[in-house]
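Analysis of the macromolecular model
Spelled out from the first residue to the last, the chains are:
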Amino acid sequence: MYKQILAGASAGMCQIVVTTPMELLKIAQQDSGRVVAMSHTSSSSSSKSATKLALDLLKKKGISGLYQGGTATLVRDVSFSAMYFPLFAYINSMGDIDPETKKPPFYHTFGSGILAGSIASYIATPLDVIKTRIQTTTKAPGDLQYNGVIESFFKILKHESPAALFKGAVARVCVVAPLFGIAQMFYFLGVAETIMGLKAIQPT
């Protein structure tokens, strides 16, 4: 089990190289309209493209600006992956094994991916909330400034409530669970290998 946890955690560590800048830009674009409305400034600043936002960050903060909240992203993704992969393997192993393929049927693998993704994503939601607060680069008047993971955790508890750490939990589960269920099913069916002509899909 510890090897599965280590493998999952390692996967989470590798992906933050790409996901951190993308999440930072996504949050900046999604939040820009709110900031403009609260600041009563020109709406032109709310229509910046991802490229423009990236160039502004690079100009102001250098390459490190694109990795604001990198530690929070690392903690979230490593925690999620460390929970998801061993949990999926355990649930998937509980299915009836087909004597020919030596695997559970593909629909069981699909369901296992959804269930494991639901549990892991829900538990990791507080880390996602903290990451989002830290990566909100545009601030409206009166907005709190969030920095480190620990500081942000206690700041949310102080100014809001423990329930605030689970804001968006259902929406997050609705996105992550089907994604990982489909991914596991495609892996089981060998879709990539089939496209490359290496094998034929043989569902059970």
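Below: a short report on this structure. (Residues numbered from 1 in each chain as written. Predicted model: local features only at pLDDT ≥ 70, side-chain atom pairs only at ≥ 80, totals over all residues. Heavy atoms only, no water.)

With that settled, the discussion passes to the overall build of the protein chain. The helix and strand inventory of the protein chain stands at eight helices and zero strands. Going residue by residue from the N terminus, the α and β elements of the protein chain occur as α-α-α-α-α-α-α-α. Across the 204 residues that make up the protein chain, the buried fraction comes to 38%. When contacts within the protein chain are restricted to residue pairs at least 6 apart in sequence, long-range pairs at least 24 apart make up 71% of them. (Helix = DSSP H or I, 4+ residues; strand = E, 2+ residues; numbered from the N terminus. Buried < 20%, exposed > 50% of the residue type's maximum accessible area, 1.4 Å probe, protein only. Contact = heavy atoms within 4.5 Å.)

Moving on, we get to the side chain of Glu23. The residue Glu23 is located in helix H1 (residues 2-39) in this model. Overall, the relative accessible area of 16% leaves Glu23 in the buried class.

Next up on the list: helix H7 (residues 169-189). Compared with an ideal rise of 1.5 Å per residue, which puts 21 residues at 30 Å, H7 spans 30 Å between its outermost C-alpha atoms and is within 8% of the ideal. Inspection of H7 places Ala169, Arg172, Val173, Val176, Ala177, Gly181, Gln184, Met185, Phe188 and Leu189 among the buried residues, and these make up the whole buried set. Gly190 occupies a position one or two residues after H7 and carries a positive phi of about 70°. (Expected span 1.5 Å × (residues − 1).)

The subject of this paragraph is the packing of aromatic side chains. Within a pair of aromatic rings, the relevant descriptors are the distance that separates the centres and the angle that separates the planes. If you walk through the whole model with that rule in mind, you get eight aromatic pairs. Judged by centre distance (5.7 Å) and plane angle (10°), the ring pair of Phe80 and Tyr84 falls under stacked. With Phe80 and Tyr84 both in helix H3 (residues 70-93), this residue pair falls four residues apart, about one helical turn. Of the two residues examined, Phe80 and Tyr84, each falls in the buried class. In textbook terms, an aromatic cluster arises when at least three aromatic residues are bridged by ring pairs, as seen for Phe80, Tyr84, Phe85, Phe88 and Phe180. One Lys or Arg, Lys155, reaches over the ring of Tyr146 and ends 5.6 Å from the middle of that ring. (Phe/Tyr/Trp six-rings, centres within 6.5 Å; stacked < 30°, edge-to-face > 60°. Lys NZ or Arg CZ within 6 Å of the ring centre and 35° of its normal.)

Take the pattern of salt bridges next. Within the structure shown, the criterion is met by nine salt bridges. Between Arg133 and Glu160 there is a salt bridge, with the nearest N and O atoms lying 2.7 Å from each other. In this pair, Arg133 sits in helix H5 (residues 125-135) while Glu160 sits in the loop between helix H6 (149-159) and H7, placing the two residues 27 residues apart along the sequence. Its relative accessible area of 17% is what places Arg133 among the buried residues. Each of Glu23, Lys26, Arg76, Asp77, Asp128, Lys131 and Arg172 takes part in a single network of salt bridges with overlapping partners. (Salt bridge = Lys/Arg side-chain N within 4 Å of Asp/Glu carboxyl O.)

Okay, the nonpolar core next. Ala72, Val129, Ile130, Ile134, Tyr146, Val149, Ile156, Ala164 and Leu165 together form the largest nonpolar core, which totals nine residues. For this core, the secondary structure elements donating two or more residues are H5 and H6. Per-element accounting of this core gives the leading share, three residues, to H5. Beyond its immediate stretch of four places on either side in the chain, Val129 contacts Ile156, Ala164, Leu165 and Lys167. Phe80, Tyr84, Phe88 and Ile91 belong to the second-largest nonpolar core, a separate cluster that totals eight residues. (Core = buried A, V, L, I, M, F, W, Y, C linked by side-chain atoms within 4.5 Å.)

What is shown is where atoms sit, not what they do.
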